[in-house]
Amino acid sequence: MKLISKIIPVLLIVLVFTSCKSKKQMIYFQNVNNNEKVNNEAFNKAQLLKPNDLISVTVLAFDMDAVAIFNGQGLAGEGTTGGVKTYLIGSDGNIEFPLLGNVKMAGMTRSEATSLLRTKISEYVKDPIVNLELKNFRVTVLGEVARPGVYKVDNERITLLEALGLAGDMTIFGERKNVLVVRETDGKKSYNRIDLTTDEVFKSPVYYLSQNDVVYVEPNKTKINESSARSTGVILSVVGVLLSATTLIIQQSN
């Protein structure tokens, strides 16, 4: 009986508290006013090309034979995707472009890189048209969303809200007041936390995501408590079995 008296208090250790999510915890942008205009400085900041970015370059001209060399089969580490010439920006920030050699791409916007190639190619071809696209722009959305994963972006701009939309929005268990955006710039990571229940997101420098950004939605207290409750249920089940076995042993010994 003494053993039973020691085991029983274990059953009273864990108490599980659950609560309903309030309106203030669930609804986005609660302090946004009608017709309110918010300026975001990041809007005018174009994406910069980075090492390990994959870009496609297509060169056109009135005389297509003259630009054939610029649209040919790629060099080592390069190739064609869907018939379009692609280049991987190296760790030095350069691509190896036919006839032009090493061309610095990292640190430039798509527009600046396009202009640079057009200027260089103009030395060989009259009035070339250069089309440059970033092919591996993607963002990762993790945590309490309907469809966590890596999402490819087809244009040059995507917002945090659009990324959450691609992932099917947050689940009811997502913590809307503390969404984390992880960004790497020049080898250094930055961490930005956003409260989506206010208009803070529209003013944030990470409202417009960059390639390879990671968005993480952490679980709220309800989810954490629910997970703890499940673990507690397992523990209680084990303790129940041990208690029953102990009682049976004591009865048999008597």
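The present account deals with the structure reproduced in this document. Keep in mind the model is a prediction, meaning the values are calculated, not measured.

The next thing to look at is the side chain of Asn220. By the element assignment, Asn220 lies in the loop between strand S11 (214-217) and helix H6 (221-253). In this structure the side chain of Asn220 is engaged in a polar contact, spanning 3.2 Å, whose partner is the backbone oxygen of Ile172.

So, about the packing of aromatic side chains. The full count for this structure, using the stated rule, is five aromatic pairs. Each ring, one from Phe70 and one from Phe97, has its centre 5.9 Å from the other, and the planes form 20°; the classification is stacked. Here the residue Phe70 occupies a position in the loop between strand S1 (54-60) and strand S2 (79-81), and Phe97 occupies one in strand S4 (residues 94-97), the gap between them amounting to 27 residues. Comparing Phe70 with Phe97 shows no difference in burial state: the two are buried. Taking the centre distance of 5.0 Å and the plane angle of 75° together, the rings of Tyr207 and Tyr208 count as edge-to-face. There is no split in this pair, since Tyr207 and Tyr208 are both buried.

So, on to the side chain of Lys85. Among the secondary structure elements, Lys85 is positioned in strand S3 (residues 84-88). Within the local environment of Lys85, its side chain forms a polar contact with the side chain of Tyr87, the two groups lying 3.1 Å apart.

Attention now goes to helix H3 (residues 110-121). Taking 1.5 Å per residue as the helical rise, H3 with its 12 residues ought to reach 16 Å, and the 16 Å between its terminal C-alpha atoms agrees with that figure. Buried within H3 we find Ala113, Thr114, Leu117 and Ile121. The buried side chains of H3 occupy one side of the element, clustering within an arc of 100° when seen end-on. Tucked into the core, H3 has its buried residues touching S1, S4, strand S5 (101-104) and strand S6 (129-134).

Time to look at unusual backbone geometry. Residue Asn52 is not a glycine yet carries a positive backbone phi of 80°. Within the fold, Asn52 resides in the loop between helix H2 (23-26) and S1. The class for Asn52 is exposed, based on a relative accessible area of 53%. With phi around 70°, Asp169 is a residue other than glycine that occupies positive phi space. Looking at the element boundaries, Asp169 is found in the loop between helix H4 (160-166) and strand S9 (179-185). Looking at Asp169, the relative accessible area reads 31%, which means it is partly exposed.

So, on to the pairing of strand S7 (residues 138-143). With four bridges connecting them, S7 and strand S8 (residues 149-152) associate as antiparallel partners. Looking at the pairing, Val139 lines up with Tyr151 of S8. Between S7 and S8, which follow one another and run antiparallel, lie five residues. Direction of pairing for S7 relative to S11: parallel, over a ladder of four bridges. Directly across from Val141, in S11, lies its bridge partner Val215.

Moving on to the sheet that holds strand S10 (residues 188-194). The mixed open sheet is built from five strands, whose spatial order is S8-S7-S11-S9-S10. The sheet is open, and its two borders are formed by S8 and S10, each paired with just one other strand. Taken over all neighbouring pairs, the strand axes of this sheet differ in orientation by 20° on average, direction set aside.

Turning to the nonpolar core, a few remarks are in order. If you look at the biggest cluster of nonpolar residues, it comprises 46 residues, and the most contacted ones within it are Ile55, Val57, Phe97, Met105, Leu117, Leu160 and Leu164. Going through the elements one at a time, S1, S4, H3, S6, S7, H4, S9 and S11 are the ones with two or more residues in this core. Excluding residues within four positions of it along the chain, Leu164 makes contact with Val141, Val145, Asp169, Met170, Leu196, Val215 and Val217.

Further remarks concern the environment of Phe202. Along the chain, Phe202 falls in helix H5 (residues 200-203). When the C-alpha atoms of Phe202 and Leu160 are compared, they prove to be 9.4 Å apart, with 42 residues separating the residues in sequence. Residue contacts for Phe202: discarding those within four places in its chain leaves Phe29, Val32, Val38, Asn40, Leu161 and Tyr207.

What counts and what doesn't
Residues numbered from 1 in each chain as written. Predicted model: local features only at pLDDT ≥ 70, side-chain atom pairs only at ≥ 80, totals over all residues. Heavy atoms only, no water. Helix = DSSP H or I, 4+ residues; strand = E, 2+ residues; numbered from the N terminus. Polar contact = N/O pair within 3.5 Å; in protein donor to acceptor, adjacent residues only side chain to side chain. Phe/Tyr/Trp six-rings, centres within 6.5 Å; stacked < 30°, edge-to-face > 60°. Buried < 20%, exposed > 50% of the residue type's maximum accessible area, 1.4 Å probe, protein only. Expected span 1.5 Å × (residues − 1). Arc of directions from axis to C-beta. Contact = heavy atoms within 4.5 Å. Pairing = 2+ DSSP bridges. Axes fitted to C-alpha atoms, helices over the stretch in contact; angles between N-to-C directions. Core = buried A, V, L, I, M, F, W, Y, C linked by side-chain atoms within 4.5 Å.

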